[in-house]
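Fold and geometry: a report
Listed below are the residues making up each chain.
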Amino acid sequence: MSPAAAVGSARARIRPSTWSLGTKLVATVVGLFLVVTLATSALTVLLLRGYLENRLDQDLRTSVVRLGGGPDDGDGDNRGRPPAAPGGGGRFLTLIMSGSGTVVGNRVVTGSSDYGTLTDAQVRQVDSAGIGPAPQTLDVKGLGEYRLISRQTPTGAVVITGLPLSSVTETVNQVVTLVAAGTIIGFVLVSTGGLWLVRRNLAPLQRVAHTATSVSHLKLDSGDVALAQRVPDADTDPRTEVGQVGLALNSMLDNVEGALQARHESEQRVRQFVADASHELRTPLASIRGYAELSRREREPVPASVTHALARVESEALRMQGLVEDLLLLARLDAGRPLERKPVDLSLLAMDAVSDAHAAAPDHRWELDLPDEPVEVSGDQARLHQVVANLLANARTHTPAGTKVVTSVQPDDSWVRISVADDGPGIPESLQRNVFQRFTRGDDSRNRAAGSTGLGLSIVDAVAKSHGGRVELASRPGETRFSVLLPVG
């Protein structure tokens, strides 16, 4: 497969419109699960983070009130003492500045027993952040993110205190990890369970499709057709959608089987009628010919008009007898009567048929294309001779004088191909697909020089099929080729 074809095939597999119903259902269920799970998880995390930050802000407000509420806070008298820890302990930072902007209190606690003071850079960063009475987040260098709030004491000092966001972040991260793990596990469970459930519930539909596929592979165009395939009763419950489809398919198959049976019986009656009529007409036609020929041999003088009429009667009786013989042959082939099976030299047969055609139409150019070695098949010599003769007669009848007709016999793998090609005007495209049907005649564009029963090519087709072969046609102006393929064995 070329790279372009491989890319095209991959795109076709990705395109949802090319997916099977089961794949679409599973993909839809999994997609809905992921959308709902991700939306719920995101909302949960956001709400949880907001809740924890609100709790932290409440603690922060309580701490700043407690730290800045003493009567001496910010007046310089507690200038060497660290402020009390908010909430009774834990991680926090506190910065107390006098009204003139001088730092009078500074503490940072990073653990239960680890505490110290902010560096000058950290003090400048907190002081320049513009912390107000509303809590805000600041990433303090060396300490991490803190929620900070400030309050001015009655003495004019400003108390800035902060609590770390690490506890909130850690809790949210843990929840995100749990949600992600739950989503992955849920995705696997929903995918596996959904695939199993969809396959289980679509199994009846697949059985209905299997029945329809089996029927579609049957040969329904001819013969006695028995449609034994039906959707199982378990899949025809009218209370379910699949059952309704199965029930409708069974009803359709019943109707089709009845119609095919009626068609077959009608064909059999027509074939039997044709066979009986053809058989019965042979005797009176032979009698007509005999009496006409006997009358022409009468020694007594016969008027010229009567002689001409008798000649026409004999000619038309002969033509009608040929038609009856063709109909009788087709009826026998339709009935499946076995043909003679013995080795037939197709090379010699083609030579004899072309020689006869040359004698019948010397104004055409007749050519042979035969292999060096004789080509043999197993079949009925008389019927195969009739096949070649009919193809040559078709070329002679429907092409103008001077047309070149080439007859060839060539081995073709496990087949032998007999071809008759001419450089005549060709067969109209609208006629080509019906040319092997009975009583199909070419129109005036084929330059018919003589009458035609329209049975010659149908006999070719029937004899070829009776030998296990087939016929082919390729035609365009200036080149028409009829081919008969026969199995070698």
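Calculation notes
- Sequence positions are assigned chain by chain, starting from 1 and proceeding in written order.
- Restriction of local features to residues with pLDDT of at least 70 applies here, the model being predicted, together with a cutoff of 80 or more for giving and counting side-chain atom pairs; totals for whole chains, interfaces and linings are based on all residues.
- To get the side-chain values, all heavy atoms of the structure are used, and hydrogens and water are removed first.
- Here, a salt bridge means any side-chain nitrogen of Lys or Arg that lies within 4 Å of a carboxyl oxygen of Asp or Glu.
- Segments assigned H or I by DSSP are reported as helices when at least four residues long, segments assigned E as strands when at least two residues long, and all are numbered from the N terminus.
- Throughout this description, buried means an accessible area under 20% of the type-specific maximum (1.4 Å probe, protein chains only), exposed means over 50%, and partly exposed covers the range between.
- Here a Phe, Tyr or Trp ring, Trp counted by its six-membered ring, pairs with any other such ring whose centre lies within 6.5 Å, and the pair is stacked when the planes are under 30 degrees apart, edge-to-face when over 60, and tilted otherwise.
- When the NZ atom of lysine or the CZ atom of arginine is within 6 Å of a ring's centre and also within 35 degrees of its normal, the charge is said to sit over that ring.
- On a scale of 0 to 100, pLDDT captures the predictor's confidence in every residue.
- By definition, residues are in contact when any of their heavy atoms lie within 4.5 Å.
- Strand pairing requires that DSSP identify at least two bridges connecting the strands.
- In this text, buried Ala, Val, Leu, Ile, Met, Phe, Trp, Tyr and Cys residues form a nonpolar core when linked through side-chain atoms within 4.5 Å.
- For helices, the axis comes from a line fit to the C-alpha atoms of the stretch in contact; other axes are also lines fit to C-alpha atoms, and the angle between any two N-to-C directions lies between 0 and 180 degrees.

With that settled, the discussion passes to the pattern of salt bridges. All chains considered together, the criterion is met by 11 salt bridges. Arginine 230 is paired through a salt bridge with aspartate 254; the nearest N and O atoms lie 2.8 Å apart. Taken together, the residues span a long stretch of sequence, with arginine 230 in the loop between helix 4 (166-216) and helix 5 (241-296) and aspartate 254 in helix 5 at a distance of 24 residues. Of the residues examined, arginine 230 reaches a relative accessible area of 24% and is grouped as partly exposed. Taking relative accessible area as the criterion, aspartate 254 reaches 42% and is therefore assigned partly exposed. Among the ionic contacts, a cluster of salt bridges with common partners joins Asp412, Arg417, Arg470 and Glu472.

Turning our eyes to something else, we now look at helix 10 (residues 456-466). Burial of helix 10 is extensive: eight of the 11 residues sit out of reach of the surface. Those residues of helix 10 not exposed but buried are Leu457, Ser458, Ile459, Val460, Asp461, Ala462, Val463 and Ala464. Looking one or two places after helix 10, you find glycine 468, whose phi comes out positive at around 80°.

Another aspect to go through is the packing of aromatic side chains. Inspection of every chain in the model, using the stated rule, returns one aromatic pair. For the pair phenylalanine 436 and phenylalanine 482, a centre-to-centre distance of 6.0 Å together with 90° between the ring planes defines the contact as edge-to-face. Taken together, the residues span a long stretch of sequence, with phenylalanine 436 in the loop between helix 9 (429-432) and helix 10 and phenylalanine 482 in strand 13 (residues 479-487) at a distance of 46 residues. Classification of phenylalanine 436 as buried rests on a relative accessible area of 17%. Residue classification places phenylalanine 482 among the buried residues on the basis of a relative accessible area of 4%. The ring centre of tryptophan 415 lies 5.1 Å from the NZ or CZ of arginine 470, which sits over that ring.

Quick look at the confidence of the model for the chain now. For the chain, the average pLDDT comes to 80, and 82% of its residues sit at 70 or higher. Here residues 69-89 is modelled with pLDDT under 50, and outside its nearest four sequence neighbours on either side it reaches 34 contacts, counting other chains as well. Note on residues 444-450: pLDDT is under 50 here. Beyond four places in sequence and across chains, it has 22 contacts.

Let's shift gears to the pairing of strand 5 (residues 144-152). In terms of strand pairing, strand 4 (residues 136-140) meets strand 5 through five bridges, oriented antiparallel. When the bridges of strand 5 are listed, threonine 137 appears paired with arginine 147. Between the antiparallel neighbours strand 4 and strand 5 lie three residues, among them glycine 142 with a positive phi of about 85°. Looking at chain direction, strand 5 and strand 6 (residues 158-164) are connected through seven bridges and run antiparallel. Looking at strand 6, one finds that isoleucine 149 is bridged to threonine 161. In this antiparallel pair of consecutive strands, strand 5 and strand 6, the connection spans five residues, and glycine 156 shows a positive phi of 95°.

Counting residues in hydrophobic clusters, the biggest one holds 41 residues, and the most contacted among them are Leu346, Leu384, Leu391, Leu392 and Val484. Contributions of two or more residues to this core are made by helix 6 (304-334), helix 7 (346-360), helix 8 (381-397), strand 10 (404-412), strand 11 (415-422), helix 10 and strand 13. Dropping the residues within four chain positions of it, leucine 392 is found in contact with Ala353, Val354, Ala357, Trp366, Val405, Thr407 and Val420. By size, the runner-up hydrophobic cluster in this structure holds 16 residues, among which are Leu52, Ile96, Val109 and Leu163.

On to the sheet that holds strand 12 (residues 470-476). Read from one edge to the other, the open sheet built from five strands follows the order 8-10-11-13-12, with strand pairing classed as mixed. Each of the sheet's edge strands pairs with one partner strand only, and the pair in question is strand 8 (365-369) and strand 12. If you compare each strand with its neighbour and ignore which way they point, the axes differ by 15° on average. Judged from the seven bridges that link them, strand 12 and strand 13 form a sheet pairing that is antiparallel. Residue pairing in the sheet places arginine 476 in a bridge with glutamate 479 of strand 13. Packed onto the sheet, helix 7 meets strand 8, strand 10, strand 11 and strand 13 and runs at close to 175° relative to strand 8.

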